[in-house]
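Structural characterization, general
The chain contents come next:
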Amino acid sequence: MTDQAWNDRDWTAFDVTVADHIAEVALTGPGKGNAMGPDFWRELPELFGYIDADPAVRAVVLTGAGKHFSYGLDLVAMGGTLANVLADNAKAAARTEFLEALRKLQAGITAVADCRKPVVAAISGWCIGGGVDLICAADIRYASADATFSIREVKVGMVADVGTLARLPFIIGDGHMRELALTGKDFDAARAEKIGLVNDVADDQEAALTLARETAREIADNPPLVVHGIKDVLDHSRSAAVHDSLRYVAAWNSAFLPSEDLSEAITAVFEKRKPEFKGR
């Protein structure tokens, strides 16, 4: 596929434009609130592979279409990924299949983190679960005042496993990291700025996007190979730790994800009630 062809392609989960050395990527779903379903996970590494390889692109703006950045993992659409490992008497084959599927999901987020073109995220509305995984893979983050974040996985009986626990400790302090991951609480843009998750907070969605575009413009105006070098050097000191963390959590969840608490959490989501966890 030529550079022009990838840019013109009709992506299912993204709107993509490229102009004046800047690629703008907007999450579009197709799930409600830009939820991350099979199309998102299939297209994400492919899209960022093209962006990484295209010399016409020097910086990336990443945002969400509509009011929200992302509701996170689309549990309904991704149910097939969980089905076999959650089935009664799931043994080595089902767990190995889940491990391989999980590593593919991780690879999608890693494609964003490893892209040589710096990624600047503009976040508004909800940024939940997988949305936090994705913004942790960006280089720079801006939020609108209405943005709300949550490392929500603990609330649905899961250990966050596609990047947050590996990358966020390099962005915010350990105490904040543990509080937010262990409680799954919502936190606003002011808290996100205070702990260093976002660089700045703008009044509204358009103002946050303007900040992201301005920063991407400044980056794109610099010598591209030097920009690549700066990002490579900055990433080098933490890359081994991130890789090790991702492999460990993939093995952990392949072994321990199936539980009565997970089933209860998923049921409670669909029944719109508070789950009752029993540690089983």
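Notes on the structure follow. (Residues numbered from 1 in each chain as written. Predicted model: local features only at pLDDT ≥ 70, side-chain atom pairs only at ≥ 80, totals over all residues. Heavy atoms only, no water.)

A look at the nonpolar core
With 65 residues, the main nonpolar core has F14, F48, I51, L134, F149 and L197 as its most contacted residues. For this core, the leading source of residues is helix α4 (residues 92-114), giving eight residues. Once you skip the residues sitting within four places of it in the chain, F14 turns out to touch V25, A26, L27, T28, F40, E43, L44 and L47. In terms of nonpolar packing, the next biggest core, distinct from the first, is built from 13 residues, V120, A212, A216 and I219 among them. (Core = buried A, V, L, I, M, F, W, Y, C linked by side-chain atoms within 4.5 Å. Buried < 20%, exposed > 50% of the residue type's maximum accessible area, 1.4 Å probe, protein only. Helix = DSSP H or I, 4+ residues; strand = E, 2+ residues; numbered from the N terminus. Contact = heavy atoms within 4.5 Å.)

Describing helix α10 (residues 224-256)
By the largest-angle criterion, R238 marks the main kink of α10, which is about 50°. Restricting attention to buried positions, one finds in α10 the residues V227, H228, K231, D235, V242, L246, V249, A250, N253 and S254. Elements in contact with the buried residues of α10: α3 (79-86), α4, α6 (164-167) and α9 (205-220). (Bend = angle between axes of the 7 residues up to and from the residue.)

What to know about the sheet that holds strand β8 (residues 187-188)
Across the sheet, which stays open at both edges, the three strands sit in the order β5-β7-β8 with mixed pairing between neighbours. The sheet is open, and its two edges are formed by β5 (126-128) and β8, each paired on a single side. Pairing of strand β7 (residues 148-150) with β8, which is carried by two bridges, proceeds in the antiparallel orientation. When the sheet's bridge partners are listed, F149 is paired in β8 with F187. (Pairing = 2+ DSSP bridges.)

So, the layout of surface pockets
The probe, sized like a water molecule, is rolled over the atoms to show the empty space still left. Its volume calculated, the largest pocket comes out at about 820 Å³. Lining the largest pocket are 34 residues, and of these Y71, L73, L75, R152 and V156 lie nearest its centre. Those elements that place two or more of their residues in the lining of the largest pocket are α3, α4, α5 (130-136) and α11 (260-271). For the lining of the largest pocket, the element with the most residues is α11, which contributes four residues. Looking at the lining of the largest pocket residue by residue, the classes come out as 23 nonpolar, four polar and seven charged. (1 Å grid on protein atoms, 1.4 Å probe; cavity = no way out; pocket = protein on both sides within 12 Å on 5 of 7 lines; lining within 4 Å. Points joined across faces, edges and corners; volume = space filled by probe spheres on them. Nonpolar A, V, L, I, M, F, W, Y, C, P; charged D, E, K, R; others polar.)

So, the pairing of strand β2 (residues 22-27)
Of all six residues in β2, six are buried; the element is thus mostly enclosed. Side-chain alternation along β2 places I22, E24 and A26 on one buried face and A23, V25 and L27 on a second face that is also buried. Sheet topology places strand β1 (residues 14-19) next to β2; six bridges connect them, and they run antiparallel. Each residue of the ladder has a partner; that of T17, found in β2, is E24. Connecting β1 to the next strand, β2, in antiparallel fashion are two residues, including D20 with a positive phi near 55°. Two strands pair when backbone bridges link them, and β2 and strand β3 (residues 59-64) are joined in this way by six bridges, in the parallel orientation. In the sheet register, A23 faces β3, and the bridge partner there is V60.

Some points on the packing of α3 against α4
At a minimum axis separation of 8 Å, α3 and α4 run at an interaxial angle of 150°. Taken together, the axis directions place α3 and α4 in an arrangement best described as roughly antiparallel. The element α3 and its partner α4 pack so that their crossing is left-handed. Contact residues: α3 offers T81, L82, N84 and V85, while α4 offers A94, R95, E97, F98 and A101. Classifying every residue of the contact of α3 with α4 gives five nonpolar, two polar and two charged. (Axes fitted to C-alpha atoms, helices over the stretch in contact; angles between N-to-C directions. Parallel < 35°, antiparallel > 145°, perpendicular 65-115°, else oblique. Left-handed = near helix turned anticlockwise from the far one by under 90°.)

Concerning unusual backbone geometry
In this model, G29 is joined to P30 through a cis peptide bond whose omega is 10°. Residue D20 is not a glycine yet carries a positive backbone phi of 55°. Among the secondary structure elements, D20 is positioned in the loop between β1 and β2. A positive phi angle is found at N89, which is not glycine, with a value near 65°. Here N89 lies in the loop between α3 and α4.

Considering the pattern of salt bridges
With the rule as written, the count across this model stands at 17 salt bridges. The closest approach of N and O atoms between E179 and R191, which form a salt bridge, is 2.8 Å. Of this pair, E179 sits in helix α7 (residues 174-183) while R191 is found in helix α8 (residues 189-194), placing the two residues twelve residues apart along the sequence. What makes E179 partly exposed here is its relative accessible area of 28%. Overall, the relative accessible area of 19% leaves R191 in the buried class. Linking R238 and D235 is a salt bridge whose minimum nitrogen-to-oxygen distance equals 3.6 Å. Here R238 and its partner D235 are both found in helix α10, three residues apart, which amounts to about one turn of the helix. Taking the relative accessible area as the measure of exposure, R238 reaches 28% and is therefore partly exposed. What emerges from the salt-bridge pattern is a single network uniting D20, R217 and D221. (Salt bridge = Lys/Arg side-chain N within 4 Å of Asp/Glu carboxyl O.)

Interpretation in functional terms is not warranted from these geometric data alone.
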